[in-house]
Amino acid sequence: MNWICSVSLAVTLALQPAFADDIIGPHQQTPQARDAFVSGLLKKMTLDEKIGQLRLITVGPENPKSAIRDMIQQGQVGAIFNTVTRQDIRQMQDQVMQLSRLKIPLFFAYDVIHGQRTQFPIPLALAASWDLEAVAEVGRIAAYEAADDGLNMTWAPMVDVTREPRWGRGSEGFGEDTWLTGEMGRVLVKAMQGNSPADRYSVMTSVKHFAAYGAVEGGREYNTVDMSPQRLFQDYLPPYKAALDAGSGGVMVALNSLNGVPASADSWLLKDILRDDWKFKGITISDHGAIKELIQHGVARDPQDAVRIALKSGIDMSMSDEYYSKYLPGLVKSGAVSMAEIDDATRHVLNVKYDMGLFNDPYSHLGPASSDPADTNAESRLHRAEARDVARKTLVLLKNRQDTLPLKKNGTLALIGPLADSQIDIMGSWSAAGVAGQSVTLLQGMKNATAGQATLLYAKGANVTDNKGIQDFLNLYEKAVTVDVRTPQQMRDEAVATAQKADVVVLAVGEARGMAHEASSRTDLTLPDSQRQLIRALKATGKPLVLVLMNARALTLVEETQQSDALLESWYSGTEGGNAIADVLFGDDNPSGKLPMTFPRSVGQVPMYYNHLNTGRPYDFEHPNKYTSHYFDEANGPLFPFGYGLSYTHFTLSPVKMSAATMTRNGSVNASITVTNSGKRDGATVVQLYLRDEVASISRPVKELKGFKRIMLKAGESQTVTFPIDASALKFWNAKMQQVAEPGKFSVMIGLDSVRTENAEFDYL
């Protein structure tokens, strides 16, 4: 992948423009040079020009291109988002360089969440790979394609830890675990920013949503969050810090309130924690329209008050509202906002533009106009092979009764289901500049895999949902769901007739992508009734039934697990999803994914997550007792636990070996386990390390993920995996909000999921 991040020195020099002498850009990317340059530039700027740099606007009906041209000429725009073609970006940058007084370049941003043109699996699926090298590859290619379109920043990665499957935006994150989310975010930041966000094929990241957005009450979008400081610092803040420690230049601020304070008005979060404690030097950006919403939150009296609170709390750049430009001049004149505070916010914006290399070359991600692609959506701009390879690693085999999978490439196969041939849905939510017509559906993937070898039949079988209210909701802003005009019974009859002609039935079910998106919270985690009825009808045929799930959250699948002979979680697997799923279904690839979220049995169990605290009356599965913490009307425990995933081969584990029985205050110990592929196929798996602090000053989780390693083993091969453990793995925030590692006994649990582990222990002295 080195070619992606490289550009020849000759080309770089050829693209350098000549600027006016008073604004010539810096050529040394050092903090000292940046500070000197930005300080000099600030002295030349008027108040209106400074405020203009704090405006992030979108092109659309509210801001037509003619209006943007006028704003640019007056120095009233700092950045643009949702513009993704070189021609449009170049035109707006030309307007800055030709019309504005100081010629301060714009930066251009977009939601590049899991790919720009090539769509990789959604982030939740990437987490299921537990493969940091694969995630880094996704980051590098996404940055390459974004930069090749002229973009400078992405609103990613999203590192909101969530234990709430009802929340639609869980699709953009990495699941329920703090450690796994932090590792995924750290790797993506480094991959997307590369050696420098100024490099030709790198982009700056803006980690989001700060903070604790994934913990919204009831899983309702834009809702409130209320939690103890211990839980906030232990479980929710570490992934943001990991991403910022990796160098993320931006932070997008959350829409939720945290303990009663909206994040956009929370100076404790944005100044005390982010700036003072974490030493963040980059830019903070409000989420879409968040400053206006401070009035609805009830913490601002009017627009002027909202602007005053947001700026003084630490919001540098306002996304998609006109409040800063309307009200900041008056607030400065009245003294409610100081010039020093304006300068501080403006400095942060100019700093990141410097770090993006824009003062050296505003066109650094564009190249000469002659290099623009004749076809923006050209096939040659995609990275299909990499997308297919990564997608295979994200698929999780949840059930495989009597080795139903892999399928044979002979006989007659039936593929049925409302998601089997949907190009738009397989891309997943937030698909950036991806083109649905370039996606490979499961139907096409199975056709490719069986061509000339087996007969493949197809029937839709059902609509994604027959609920008209939900259909209208999904089609509110685009024609996202096509509704078949036949009756549900006619569609099921066709599906049953198709199944009866086949040796095996593959059924693609789940959610339309709009059901797992921003503003798509759900109270019901079951499959829509139209699909459940279809499953029952196909089960009644007696044919072997393979369910392929396409979804972006943990679903409740008790009945479907019982009905199916095999169950494969494919998430939304992207541009090459259909080929990747077919690779696994037919055994050309051995599934190795592991769940990054616990799958509950019913929505009544939510929140359900593996690293919960114990109680004084824990439920004992082997010796049930009435007066313990459990439900009496449902089987207790998850349907599928965190870290779970099967393979077409079998792995066995040795006992855990500790390098020592004790660990000193400044020392470390190693925990080792030998993994053997005891099956008949080569395969990969993920070895997971969990720790438990047995006795502490506050109650600690029953186990916490502290390490993992993905390994590949040939049939019959063994490998010893060693995890080093030091005091950093033992630390937690105590009742006095001190981060400590307390002496005592620690349990070590190593396994291939969070439940079935081999155990050992050591004493921390």
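- The name an unreviewed UniProt entry assigns to the chain is Periplasmic beta-glucosidase, from the organism Erwinia tasmaniensis.
- Quoted verbatim from the Sequence similarities (unreviewed entry) field of the UniProt record, the comment on the chain reads "Belongs to the glycosyl hydrolase 3 family."

1. Side note on the domain arrangement of the chain
No. 1: Segmenting the chain into domains produces domain 1 (106-369), domain 2 (384-605) and domain 3 (651-764).
No. 2: The C-alpha centroid of domain 2 is placed 33 Å from the C-alpha centroid of domain 1.
No. 3: The interface of domain 1 with domain 2 comprises 44 residues on the first partner and 40 residues on the second.
No. 4: Carbon and sulfur atoms supply 61% of the area that domain 1 and domain 2 bury against each other, a total of about 3200 Å² over both sides.
No. 5: Considering only the surface of domain 1 that becomes buried against domain 2, Gln119, Pro165 and Arg166 emerge as the three largest contributors, covering 19% of it.
No. 6: Taken together, domain 1 and domain 2 are joined by 2 salt bridges.
No. 7: A salt bridge links lysine 393 to aspartate 131, with the nearest nitrogen and oxygen atoms 3.5 Å apart.
No. 8: Secondary-structure elements contributing two or more residues to the side of domain 1 that touches domain 2 are α6 (123-129) and α7 (132-148).
No. 9: For the side of domain 1 that touches domain 2, the class distribution of residues is 20 nonpolar, 12 polar and 12 charged.

2. Thoughts on the sheet that holds strand β9 (residues 283-285)
No. 1: Spatially, 8 strands are ordered β9-β6-β5-β4-β3-β2-β1-β10 in an open sheet, and the strand pairing comes out parallel. The sheet is open, and its two edges are formed by β9 and β10 (318-319), each paired on a single side.
No. 2: Relative to strand β4 (residues 153-154), strand β3 (residues 107-110) runs parallel, the two being bridged by 2 bridges. Residue pairing for β4: alanine 109 is matched across the bridge by methionine 153.
No. 3: Sheet strands touched by helix α15 (residues 339-355): β3, β5 (204-210) and β9. Its angle to β9, the strand with the most contacts, is close to 115°.

3. Concerning the sheet that holds strand β12 (residues 412-416)
No. 1: Ordered by their spatial adjacency, 6 strands build an open sheet running β11-β16-β15-β14-β12-β13, and the pairing between neighbours is mixed. For this open sheet the edge positions go to β11 (396-400) and β13 (455-459), each flanked by a neighbour on one side alone. Strand after strand, the sheet turns through a mean of 15° between neighbouring axes, direction not considered.
No. 2: Strand direction decides the pairing type here: β12 and strand β14 (residues 504-510), joined by 4 bridges, are parallel. Across the sheet, the residue bridging to leucine 415 is valine 506, located in β14.
No. 3: In the packing of helix α23 (residues 577-585) onto the sheet, the strands contacted are β14, β15 (545-550) and β16 (566-569), and the crossing angle to β15 comes to about 145°.

4. A look at the packing of helix α8 (residues 178-193) against helix α10 (residues 238-245)
No. 1: At a minimum axis distance of 8 Å, the contact between α8 and α10 shows a crossing angle of 20°. Considering their axes alone, α8 and α10 lie roughly parallel with respect to each other. When you trace α8 past α10, the crossing you get is right-handed. Of the residues in α10, those in contact with Thr178, Thr181, Gly182, Gly185, Arg186 and Val189 of α8 are Pro238, Pro239, Ala242 and Ala243.

5. Some details on the pattern of salt bridges
When their charged atoms lie close together, side chains carrying opposite charge are able to pair.
No. 1: With the rule as written, the count across this model stands at 52 salt bridges.
No. 2: The salt bridge partner of aspartate 372 is arginine 90, with a shortest N-O separation of 2.7 Å. With a gap of 282 residues between them, aspartate 372 in the loop between α15 and α16 (384-394) and arginine 90 in helix α5 (residues 86-99) connect regions that are remote in the sequence. Here aspartate 372 matches arginine 90 in class, with each residue buried.
No. 3: Put simply, arginine 532 and glutamate 560 hold a salt bridge, and the shortest N to O gap is 3.5 Å.

6. As for the pairing of strand β26 (residues 744-751)
No. 1: Of all 8 residues making up β26, 6 are buried, and the element is well covered by its neighbours.
No. 2: In this structure, strand β21 (residues 683-693) lies alongside β26, joined through 6 bridges in antiparallel fashion. Paired with tyrosine 690 across the strands is methionine 749, a residue of β26.
No. 3: Taken together, the 8 bridges between β26 and strand β27 (residues 757-764) define a ladder with antiparallel strand orientation. In the sheet register, phenylalanine 746 faces β27, and the bridge partner there is phenylalanine 762.

7. Some thoughts on unusual backbone geometry
No. 1: A cis geometry characterises the amide bond from phenylalanine 210 onward to alanine 211, with omega recorded as 10°.
No. 2: With respect to the helices and strands, alanine 211 occurs in the loop between β5 and α9 (229-236).
No. 3: The residue after valine 606, namely proline 607, is reached through a cis peptide bond having omega 0°.
No. 4: Counting through the fold element by element, proline 607 comes out in the loop between α23 and β17 (651-653).

8. As for the pairing of β27
No. 1: Relative to β27, strand β19 (residues 662-663) runs parallel, the two being bridged by 2 bridges. When the sheet's bridge partners are listed, methionine 663 is paired in β27 with tyrosine 764.
No. 2: Linkage of β26 to β27, two consecutive antiparallel strands, is achieved through a turn of 5 residues.

Cut-offs used in this document
Residues numbered from 1 in each chain as written. Predicted model: local features only at pLDDT ≥ 70, side-chain atom pairs only at ≥ 80, totals over all residues. Heavy atoms only, no water. UniProt positions renumbered as here; feature names shortened; annotations may be inferred. Domains from an automatic or database assignment. Contact = heavy atoms within 4.5 Å. Buried area = accessible area lost by both parts, 1.4 Å probe. Salt bridge = Lys/Arg side-chain N within 4 Å of Asp/Glu carboxyl O. Helix = DSSP H or I, 4+ residues; strand = E, 2+ residues; numbered from the N terminus. Nonpolar A, V, L, I, M, F, W, Y, C, P; charged D, E, K, R; others polar. Pairing = 2+ DSSP bridges. Axes fitted to C-alpha atoms, helices over the stretch in contact; angles between N-to-C directions. Parallel < 35°, antiparallel > 145°, perpendicular 65-115°, else oblique. Left-handed = near helix turned anticlockwise from the far one by under 90°. Buried < 20%, exposed > 50% of the residue type's maximum accessible area, 1.4 Å probe, protein only.

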